[in-house]
Amino acid sequence: MKDELEHVYQDRLNTIAEAVKTNYSGANSLSNLPKEQVYKHVGRYSCAGSDCANADEAFRIDISQTAAYCVKNGIWQEFLARTLFKYDVDYFEDIPVINRSKDIFRQHRSDFGEEDGESTREERLCRYLCSRQKTVFPLITLCDYQVPIKHTSKDTGCGKIDLVSVSDDGEEMVILEYKKPKSPEPLLRAVTEIVTYYRQIDGKNGAKTYLEHFNKTFGLNCTRVRLAVVVPRDMYRTAHRYAFDLIAKYDILCYAWDKNEPPFRLSQTCIERNRKMSEDNMQFVYEHSDNIMQALKND
């Protein structure tokens, strides 16, 4: 198994290093980007080219393949974690707030079609879930989808919150980053994305504008904001450890898809169990981290 990993590692590292040196200048250039745009690059080299030619197969892995899959997906993330994020869970603290003030949430955005439920596009799947399966995720009820953060045309690089819901106790507005059941993206991408949105809506100070408009639109009385991610179950088993650090820091709710089963919410015990599993699966990458830094650093 180790010989197989060495082959996968060398092949993948050389491929990523060549791409970085030819088309991209790596973490040094990323450090010059606004922090609110960095999440878009987390999966840049995680699953590119022939490795993900068939995304449907990306997470159909058994135990013998898991370590090799982690090597393929972990090299770029380890590079970013060490050189850009520096394993600092406070990295996103100073992302600027987008001062959106009205027309944030809507009771109705656009009509859905039954075909949305079979779509491969996350935007259409979010629309379908919000329209037809509002209680598909345990302990929350979906209220809105694809909620824009941008206030004016000058707010470049702003995304949309995939799904917004209310907790069953009526206390929390929950913002969710949704990854479709067969998504090839890493957990770190989903986590950094929802943390970025949380900062942009002023979650650090309670996201008062969003909460007020949310409560007014849907007749609720939520008092706080909670973050959540919805991803394939195997994402947790093959995740970079920095993703789990951020989950702990921001108390992120974790939901998982498991094949054709309904999504479920991970308990704290389950999260810790998955973290241990991912540590074991990613150990080969962590052991080679010095070599990764050497290969991917700027010339």
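Read on for an overview of the structure. (Residues numbered from 1 in each chain as written. Predicted model: local features only at pLDDT ≥ 70, side-chain atom pairs only at ≥ 80, totals over all residues. Heavy atoms only, no water.)

## Here we look at the pairing of strand β2 (residues 160-167)
For a regular strand, the rule is simple: side chains alternate between the two faces of the sheet. A large share of β2 lies buried, amounting to 7 of its 8 residues. Direction of pairing for strand β1 (residues 140-148) relative to β2: antiparallel, over a ladder of 7 bridges. Across the sheet, the residue bridging to D144 is V164, located in β2. In the sheet, β2 pairs with strand β3 (residues 172-178) via 4 bridges, with the strands oriented antiparallel. Across the sheet, the residue bridging to V164 is I175, located in β3. (Buried < 20%, exposed > 50% of the residue type's maximum accessible area, 1.4 Å probe, protein only. Helix = DSSP H or I, 4+ residues; strand = E, 2+ residues; numbered from the N terminus. Pairing = 2+ DSSP bridges.)

## Brief notes about helix α8 (residues 241-250)
Taken residue by residue, α8 has Y242, A243, F244, L246, I247 and Y250 as its buried positions. Following α8 by one or two positions, D251 adopts a phi angle in the positive range, close to 50°.

## Some details on the pairing of strand β5 (residues 253-258)
With 5 of its 6 residues buried, β5 lies for the most part within the structure. Strand direction decides the pairing type here: strand β4 (residues 224-232) and β5, joined by 5 bridges, are parallel. Within β5, the residue paired with V230 across the bridge is Y255. Here β5 runs beside strand β6 (residues 261-265); their pairing, made up of 3 bridges, is antiparallel. By the bridge assignment, D258 is partnered in β6 with E261.

## Remarks on the sheet that holds β3
Read across the open sheet, the 6 strands follow the order β1-β2-β3-β4-β5-β6; overall the sheet is mixed. What marks the edges here is a single partner per strand, and that holds for β1 and β6. Going across the sheet, the axis of each strand differs from the next one's by a mean of 25°, ignoring polarity. Taken strand by strand, helix α4 (residues 122-132) contacts β1, β2 and β3, and its axis lies near 145° from that of β1. (Axes fitted to C-alpha atoms, helices over the stretch in contact; angles between N-to-C directions. Contact = heavy atoms within 4.5 Å.)

## Here we look at the environment of H213
The topology assignment puts H213 in helix α6 (residues 208-218). Residues H213 and S101, 112 residues apart in the sequence, show an inter-C-alpha distance of 8.6 Å. Once you skip the residues sitting within four places of it in the chain, H213 turns out to touch D103, I104 and F105.

## Thoughts on the packing of aromatic side chains
Scanning the entire structure with this criterion turns up 16 aromatic pairs. Relative to F79, the ring of W76 lies with its centre 5.5 Å away and its plane at 40°, an arrangement referred to as tilted. With W76 and F79 both in helix α3 (residues 63-83) and 3 residues apart, this pair spans about one turn of that helix. Take W76 and F79: they sit in the same class, and that class is buried. Between Y198 and Y250, the aromatic rings sit 6.1 Å apart at their centres with planes inclined by 80°, giving edge-to-face as the arrangement. Here Y198, found in helix α5 (residues 187-200), pairs with Y250, found in helix α8; they are 52 residues apart in sequence, far enough to count as distant. Ring pairing ties together the aromatic residues F85, Y87, Y91, F92 and Y242, which thus form one cluster. (Phe/Tyr/Trp six-rings, centres within 6.5 Å; stacked < 30°, edge-to-face > 60°.)

## Some words on the packing of α8 against helix α9 (residues 268-287)
Contact geometry of α8 with α9 gives a least axis separation of 9 Å together with a crossing angle of 150°. When the interaxial angle is binned, α8 and α9 end up roughly antiparallel. Residues R241, F244 and D245 of α8 lie in contact with α9, whose contacting residues are I271, N274, R275, S278, E279 and Y286. Of the residues belonging to the contact of α8 with α9, the class tally is 3 nonpolar, 2 polar and 4 charged. (Parallel < 35°, antiparallel > 145°, perpendicular 65-115°, else oblique. Nonpolar A, V, L, I, M, F, W, Y, C, P; charged D, E, K, R; others polar.)

## Quick notes on unusual backbone geometry
Its identity as a non-glycine residue notwithstanding, L139 has a phi of 75°, on the positive side. L139 gets classed as partly exposed once you look at its relative accessible area, which sits at 48%. The residue D202 is not glycine, and still its phi comes out positive at about 65°. With respect to the secondary-structure elements, D202 resides in the loop between α5 and α6.

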